[in-house]
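Here is what each chain is made of, one letter per residue.
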Amino acid sequence: MCGPSLVDEVHRERIAAYAASFHQVTQSPFGPDDEIGMLNLLSADTARDLLRAADGGRVFDLGVDLFVGMPTWTAGGEPPFHITMVHTPRGTVVDDPVGVGRAQNELVGWSADAVSMFTHCGTHLDTLNHYGYGTKIWNGFDADEHLGSLHWTVAGADRQPPIIARGVLIDVARAHGLDVLPESYGIGAEDLRAALDAQGMALWPGDVVMLRTGRGSLWPDAEAYLAREPGLDREGAEFLARSGAVVVGADNIALEQLPSADPDNWMPVHTYLFAEAGVPIVEVVNLEELAAEECYEFAFVAACLKIRGATAGPMRPLALPLVS
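Residues numbered from 1 in each chain as written. Predicted model: local features only at pLDDT ≥ 70, side-chain atom pairs only at ≥ 80, totals over all residues. Heavy atoms only, no water.

*Asks:* Would you mind showing me how to read the sheet that holds strand 12 (residues 312-314) here?
*Replies:* The strands that make up a sheet are held in pairs by hydrogen bonds between backbone atoms, and each pair lies either parallel or antiparallel. A sheet is described by the order of its strands in space; here 9 strands give the open sequence 1-13-11-5-7-9-10-4-12, paired in mixed fashion. Edge strands, defined here as strands with exactly one partner in the open sheet, are strand 1 (60-61) and strand 12. With 3 bridges connecting them, strand 4 (residues 124-126) and strand 10 (residues 281-283) associate as antiparallel partners. Paired with His124 across the strands is Glu283, a residue of strand 10. Set on the sheet, helix 2 (residues 44-53) makes contact with strand 5 (163-171), strand 11 (297-302) and strand 13 (318-321); between it and strand 5 the angle comes to about 65°. In the packing of helix 7 (residues 189-199) onto the sheet, the strands contacted are strand 5 and strand 7 (208-212), and the crossing angle to strand 5 comes to about 95°. (Pairing = 2+ DSSP bridges. Helix = DSSP H or I, 4+ residues; strand = E, 2+ residues; numbered from the N terminus. Contact = heavy atoms within 4.5 Å. Axes fitted to C-alpha atoms, helices over the stretch in contact; angles between N-to-C directions.)

This is the structure in structure tokens:
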């Protein structure tokens, strides 16, 4: 079955997880200026082959809606999603905001709005500057040198390339015969191997891996979706990173098992994947339709918003089934 044993020596040298040391920041195999980690394994040839084989008429939307009251991470005091109207057809008649007079304002019905949100709200890509060890992040970049008053100068959402890669869904909940994994269940290497075996799938370097815990089926019930979530544990994260995953995502709010089973690290998977393995993650992914169709292999197409220096970029990923 898939795993480190199937990674050839050429890929092994380019997979940061093989050079990782516990709780230490890894120097990138792609050079001292690298800010995107394992996304360097993305290949133009692979993208062309995938798009040729993809069914463009059958698209799974893996993003969730953004709306007031939606489930989102607020445990550290982060702001919820909010949307405000700034122009309405009747309001512009009264306010005349651009000074064109009542007649034109009655003719032109103008609506516009503004949003405020945590960058990690809804479906989003976490970048490699999101978590590290102490002041250091991936590739040895240090907050003392690369974090200004407004944002990081390295590894931000603006540096992330568009992603076109082979996507693999690992339906862990289904492999256990469950709709939703139990609260705080930790997904380890054996869970991943068993689910891949059941699906007849293998992982290869360059894959985008999506994990289904079943929590997506509870969306948008915030109380049920957010409470004591099942998710990836460090052992499972090491398995995926050593398999050459370029992105790891899931249908839950934080990808990993919460609360943490590690008494010394409240975010062991985040710190490992970012700082040690150089693997960005995608959270709050809508995997229910994909799982219902048992579409385990697909072309994954996505790009996050290019917010300069940000630790995350909202995104709307798509999955296109492969037909040849």
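*Asks:* Help me out: how do you make sense of the state of the cysteines in this one?
*Replies:* By definition, a disulfide links two cysteine residues through a covalent bond between their sulfur atoms. Scanning all chains against the criterion turns up 0 disulfides. With no disulfide of its own, Cys121 lies closest to Cys304 among cysteine sulfurs, the gap being 15 Å. For Cys121, a relative accessible area of 0% translates into the label buried. Here Cys304 falls in the buried class, since its relative accessible area comes to 10%. (Disulfide = S-S within 2.5 Å. Buried < 20%, exposed > 50% of the residue type's maximum accessible area, 1.4 Å probe, protein only.)

*Asks:* Got a minute to help me understand the environment of Asp142 in this structure?
*Replies:* Turning to its location among the elements, Asp142 is positioned in the loop between strand 4 and helix 5 (143-146). The exposure class of Asp142 is buried, given its relative accessible area of 14%. Beyond its immediate chain neighbours, meaning those up to four positions away, Asp142 contacts Thr135, Lys136, Leu147 and Trp152.

*Asks:* Is there a simple way to explain helix 2 in this structure?
*Replies:* In an α-helix, one turn spans 3.6 residues; hence positions three or four apart end up facing the same way. Among the residues of helix 2, those classed as buried are Ala47, Leu50 and Ala53. Mapping the buried residues of helix 2 onto a view down its axis gives an arc of 135°, with all of them on the same face. Every exposed residue of helix 2 that faces more than 90 degrees away from the buried side is listed here: Asp45 and Arg52. The inward-facing, buried residues of helix 2 abut strand 5, strand 11 and strand 13. Residue Ser43 occupies the N-cap position of helix 2, its side-chain oxygen lying 3.2 Å from the main-chain nitrogen of Asp45. (Arc of directions from axis to C-beta. Polar contact = N/O pair within 3.5 Å; in protein donor to acceptor, adjacent residues only side chain to side chain.)

*Asks:* Would you mind going over the pattern of salt bridges with me for this structure?
*Replies:* Pairing between side chains of opposite charge can happen when the charged atoms of each approach one another. For the structure on display, the rule yields 17 salt bridges. With a closest N to O distance of 2.7 Å, Arg174 and Glu294 form a salt bridge. Placement of Arg174 in helix 6 (residues 172-175) and of Glu294 in the loop between helix 11 (288-292) and strand 11 is noted, with a sequence separation of 120 residues between them. For Glu294, a relative accessible area of 41% translates into the label partly exposed. A salt bridge links Glu238 to Arg234; its shortest N-O distance comes to 2.8 Å. Of the two residues, Glu238 and Arg234 are both situated in helix 9 (residues 234-242); the distance of 4 residues between them amounts to about one turn of the helix. We classify Glu238 as partly exposed; its relative accessible area is 27%. On the basis of relative accessible area, Arg234 is assigned to the buried category, the value being 17%. (Salt bridge = Lys/Arg side-chain N within 4 Å of Asp/Glu carboxyl O.)

*Asks:* Any chance you could explain the packing of helix 9 against helix 10 (residues 268-276) here in plain terms?
*Replies:* If you want to describe how two helices pack, look at the angle between their axes and the distance between the axes. Closest axis-to-axis distance for the helix 9/helix 10 pair is 9 Å, and the angle between their directions is 25°. The angle between the axes of helix 9 and helix 10 places the two elements in the roughly parallel class. Note on packing geometry: the crossing formed by helix 9 with helix 10 is right-handed. Judged by residue contacts, Arg234, Ala237, Glu238 and Ala241 of helix 9 engage Val269, Tyr272, Leu273 and Glu276 from helix 10. Grouping the constituent residues of the contact of helix 9 with helix 10 by class yields 5 nonpolar, no polar and 3 charged. (Parallel < 35°, antiparallel > 145°, perpendicular 65-115°, else oblique. Left-handed = near helix turned anticlockwise from the far one by under 90°. Nonpolar A, V, L, I, M, F, W, Y, C, P; charged D, E, K, R; others polar.)

*Asks:* What exactly am I supposed to notice about the side chain of Glu276 here?
*Replies:* Position of Glu276 relative to the elements: it lies in helix 10. Side-chain polar atoms of Glu276 contact the backbone nitrogen of His23, separated by 3.0 Å. Setting aside its immediate chain neighbours within four residues, Glu276 contacts Ala16, Ala20, Ser21, Phe22, His23, Gln24, Thr26, Tyr133, Trp138, Arg234 and Thr271.

*Asks:* Can you help me understand the packing of helix 7 against helix 9 in this one?
*Replies:* Running from amino to carboxyl end, helix 7 crosses helix 9 at an angle of 55°, the nearest separation of the two axes being 7 Å. If you check the angle between helix 7 and helix 9, you find them oblique. Here Ala189, Glu190, Leu192, Arg193 and Leu196 of helix 7 come into contact with helix 9, specifically with Glu235, Gly236, Phe239 and Leu240. When its residues are assigned to classes, the contact of helix 7 with helix 9 shows 5 nonpolar, 1 polar and 3 charged.

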